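Residue strings, one per chain:
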Amino acid sequence: MTPQNNGYPVAKLLEELCGNEFDKFSTTILSEIYLKELASYARVAGKLEELVSFLMSGLKQQNYTRAFDWNCGSLIQHVAPEVVLAQIPREGNERTALYESIGLTWCLGEFGRRNQVLVEFLEDVVANSKSSESWWRAAYALEKLGLVDAVSYLKSALRSQGLPDLATCLTNLGNERYRIGLLLHSKLDNLHAQILPKAKEVLCSMSSKPLEHIGAAWVIGRFRYVDLEVEKALRYLLHSENYEIKFYVLQAIRDIGSIHFLKDLVQLLDDSDPLLRKMAAQGLGKIDHHSSVEALRSRLIKEELPQVLSAITQAIYDLTHYAHRQSMFTRRTIGANENGMITDEADKWYVNPDIYHIFSESQDPVVDP
């Protein structure tokens with residue numbers, strides 16, 4: 001679903017929401033720019049805290065739509081953290097209900113606050129959420145706060161909660177828990193024989209469901225795998241009308257860092273969506289080519305948003321600083337680094353991922369079952 005505005009007056013929507021009328025909010029994913037305007041209008045009208053209370057009450061009921069959940073997160077991120085945290089119970093069924101909200105778990109990471117109440121809530125989501133997507137987003141929120149590496153944290157959690165078998169993981173790429181399961185199962189003999197071929201099959205199939213395309217793109221990006229068919233599929237899906245597919249495909253392209261996507265990333269530097277511009281800049285920062293630097297410098301003059309400017313300047317620095325360029329070359333030469341596929345002093349690959357678990361166990365955060 002693509003974010004929309006539809007020219008709907010923010011004053012009218014605020015009146016509806018404060019009157020417990022959620023039809024518009026529940027059926028259409030609204031753009032972040034529109035929701036930021038709504039939050040600002042509610043603040044000026046003195047109704048922001050009332051609005052947040054109504055939205056959080058809706059999340060506690062657990063009978064909301066995906067659009068409602070998404071919109072809540074996008075709007076709440078523009079509210080003072082203290083106002084939102086005050087609506088999170090310390091215990092009980094209402095707290096448990098909030099574990100399932102993908103919008104809330106995502107926006108808590110956007111606050112950038114290492115508040116104890118906030119951190120404990122996100123940790124509880126990873127430990128207890130039934131929703132794989134909330135489980136996933138909570139870990140990435142903790143990563144944004146600089147507290148964990150999200151994938152390592154999720155690996156540790158899944159080992160504690162129960163690792164599904166490889167066959168089940170391969171047939172459920174649309175589920176975040178099973179994607180992490182694939183990483184835990186990955187080793188040299190099954191990576192190229194089973195995991196990457198399955199991800200490629202799902203990615204290239206136009207009959208795959210949106211969540212399957214998203215999962216396959218994430219796996220492809222994680223292992224930085226690309227061939228002609230994968231390149232063609234990623235480029236096709238990059239123009240999907242489904243915003244989530246477009247986001248995760250761009251993330252995969254960014255992580256792969258292939259010069260074959262240079263023109264695509266340059267075009268996206270001028271996209272109207274700031275998040276996509278930011279990811280495009282990050283992707284260009286991994287492509288060591290003079291055209292990358294030229295495009296980034298050109299956009300630097302026109303860009304106004306701080307988060308995008310930060311990504312552009314970092315990308316330029318990475319491409320023009322000698323040590324960073326050498327580090328980037330080394331990472332691309334070695335390739336994907338997952339589980340047992342770590343090098344020893346002789347530059348050999350370990351085949352058994354158990355060795356990885358032995359070395360990493362002491363570093364992974366402990367998640368209580």
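Residues numbered from 1 in each chain as written. Predicted model: local features only at pLDDT ≥ 70, side-chain atom pairs only at ≥ 80, totals over all residues. Heavy atoms only, no water.

### Some details on the overall build of the chain
Here is step 1 of the chain: The helix and strand inventory of the chain stands at 23 helices and 0 strands.
Here is step 2 of the chain: Taken across its 369 residues, the chain has 51% of its residues classed as buried.
Here is step 3 of the chain: The contacts of the chain with a sequence gap of at least 6 include a subset with a gap of at least 24, amounting to 67%.
Here is step 4 of the chain: Surface exposure of the chain reaches about 17,800 Å², of which carbon and sulfur atoms provide 50%. (Helix = DSSP H or I, 4+ residues; strand = E, 2+ residues; numbered from the N terminus. Buried < 20%, exposed > 50% of the residue type's maximum accessible area, 1.4 Å probe, protein only. Contact = heavy atoms within 4.5 Å. Areas by Shrake-Rupley, 256 points an atom, 1.4 Å probe, with all protein chains shown as cover.)

### With respect to empty space enclosed by the protein
Here is step 1 of the chain: One pass over the structure, following the stated rule, counts 1 cavity of 30 Å³ or more.
Here is step 2 of the chain: Its volume calculated, the largest cavity comes out at about 40 Å³.
Here is step 3 of the chain: Lining the largest cavity, in full, are Arg66, Glu133, Arg137, Glu176, Arg179, Leu211, Ile214, Glu244 and Tyr248.
Here is step 4 of the chain: Broken down by secondary-structure element, the contributors of at least two residues to the lining of the largest cavity are helix H10 (132-144), helix H13 (176-185), helix H15 (210-222) and helix H17 (243-256). (1 Å grid on protein atoms, 1.4 Å probe; cavity = no way out; pocket = protein on both sides within 12 Å on 5 of 7 lines; lining within 4 Å. Points joined across faces, edges and corners; volume = space filled by probe spheres on them.)

### Brief notes about the nonpolar core
Here is step 1 of the chain: Within the largest apolar cluster, 112 residues are counted, with the highest numbers of intra-cluster contacts made by Phe25, Leu104 and Leu108.
Here is step 2 of the chain: Looking at this core, the element that brings in the most residues is H17, giving 9 residues.
Here is step 3 of the chain: Not counting residues within four places of it along the chain, the set of residues in contact with Leu108 comprises Val84, Leu85, Ile88, Leu118, Phe121, Leu122 and Leu145. (Core = buried A, V, L, I, M, F, W, Y, C linked by side-chain atoms within 4.5 Å.)

### Looking at the confidence of the model for the chain
Low pLDDT means the predicted coordinates in that region are not meant to be read closely.
Here is step 1 of the chain: With 87% of its residues at a pLDDT of at least 70, the chain reaches an overall mean of 87.
Here is step 2 of the chain: Low pLDDT, under 50, characterises residues 342-369; the predicted model gives this stretch 46 contacts beyond four residues in sequence or across chains. (pLDDT = per-residue confidence, 0-100.)

### With respect to unusual backbone geometry
Here is step 1 of the chain: Phi is positive for Asn20, which is not a glycine, with a value near 60°.
Here is step 2 of the chain: Assignment of secondary structure puts Asn20 in the loop between helix H1 (10-18) and helix H2 (23-27).

### Some thoughts on the packing of helix H14 (residues 188-204) against helix H16 (residues 228-237)
Here is step 1 of the chain: Taken N-terminus to C-terminus, the directions of H14 and H16 make an angle of 40°; their axes are 9 Å apart at the nearest point. Judged by the angle between their axes, H14 and H16 are oblique. Crossing angle aside, the handedness with which H14 passes H16 is left-handed. In this structure, H14 uses Lys200, Leu203 and Cys204 to contact H16, whose residues at the interface are Glu229, Val230, Ala233, Leu234 and Leu237.
Here is step 2 of the chain: Among the residues making up the contact of H14 with H16, the classes are represented as 6 nonpolar, no polar and 2 charged. (Axes fitted to C-alpha atoms, helices over the stretch in contact; angles between N-to-C directions. Parallel < 35°, antiparallel > 145°, perpendicular 65-115°, else oblique. Left-handed = near helix turned anticlockwise from the far one by under 90°. Nonpolar A, V, L, I, M, F, W, Y, C, P; charged D, E, K, R; others polar.)

### Considering the side chain of Ser208
Here is step 1 of the chain: Here Ser208 is to be found in the loop between H14 and H15.
Here is step 2 of the chain: Within the structure, the side chain of Ser208 is placed 2.7 Å from the backbone oxygen of Val202, a separation counted as a polar contact. (Polar contact = N/O pair within 3.5 Å; in protein donor to acceptor, adjacent residues only side chain to side chain.)

### Section: the pattern of salt bridges
Here is step 1 of the chain: As enumerated under the stated definition, the model contains 21 salt bridges in all.
Here is step 2 of the chain: Here Glu110 ties to Lys144 by a salt bridge, and the two come within 2.1 Å at their closest N and O atoms. Of the two residues, Glu110 is situated in helix H8 (residues 102-110) and Lys144 in helix H10; the sequence distance between them amounts to 34 residues.
Here is step 3 of the chain: With a relative accessible area of 33%, Glu110 lands in the partly exposed category.
Here is step 4 of the chain: With its nearest N and O atoms 2.8 Å apart, the salt bridge here joins Arg299 to Asp270. Of this pair, Arg299 sits in helix H20 (residues 290-302) while Asp270 sits in the loop between helix H18 (262-268) and helix H19 (274-284), and the two are 29 residues apart along the sequence.
Here is step 5 of the chain: Given a relative accessible area of 13%, Arg299 falls into the buried group.
Here is step 6 of the chain: In this structure Asp270 comes out as partly exposed when scored by relative accessible area, which is 47%. (Salt bridge = Lys/Arg side-chain N within 4 Å of Asp/Glu carboxyl O.)

### Overview of the packing of aromatic side chains
Here is step 1 of the chain: Taken as a whole, this structure holds 8 aromatic pairs when the rule is applied.
Here is step 2 of the chain: Here the aromatic rings of Trp136 and Trp218 are separated by 4.9 Å at their centres, their planes lie at 70°, and the arrangement is edge-to-face. Here Trp136 is found in helix H10, whereas its partner Trp218 is found in helix H15, with 82 residues between them in sequence.
Here is step 3 of the chain: Residue class for Trp218 comes out buried when judged on its relative accessible area of 6%.
Here is step 4 of the chain: Through a chain of ring-to-ring contacts, the aromatic side chains of Phe22, Phe25, Tyr64 and Phe68 assemble into a single cluster.
Here is step 5 of the chain: For Arg177, the ring lying beneath its charged end belongs to Trp135, and the centroid distance is 4.7 Å.
Here is step 6 of the chain: Lying across the ring of Trp136, Arg179 places its NZ or CZ 5.2 Å from the centre. (Phe/Tyr/Trp six-rings, centres within 6.5 Å; stacked < 30°, edge-to-face > 60°. Lys NZ or Arg CZ within 6 Å of the ring centre and 35° of its normal.)

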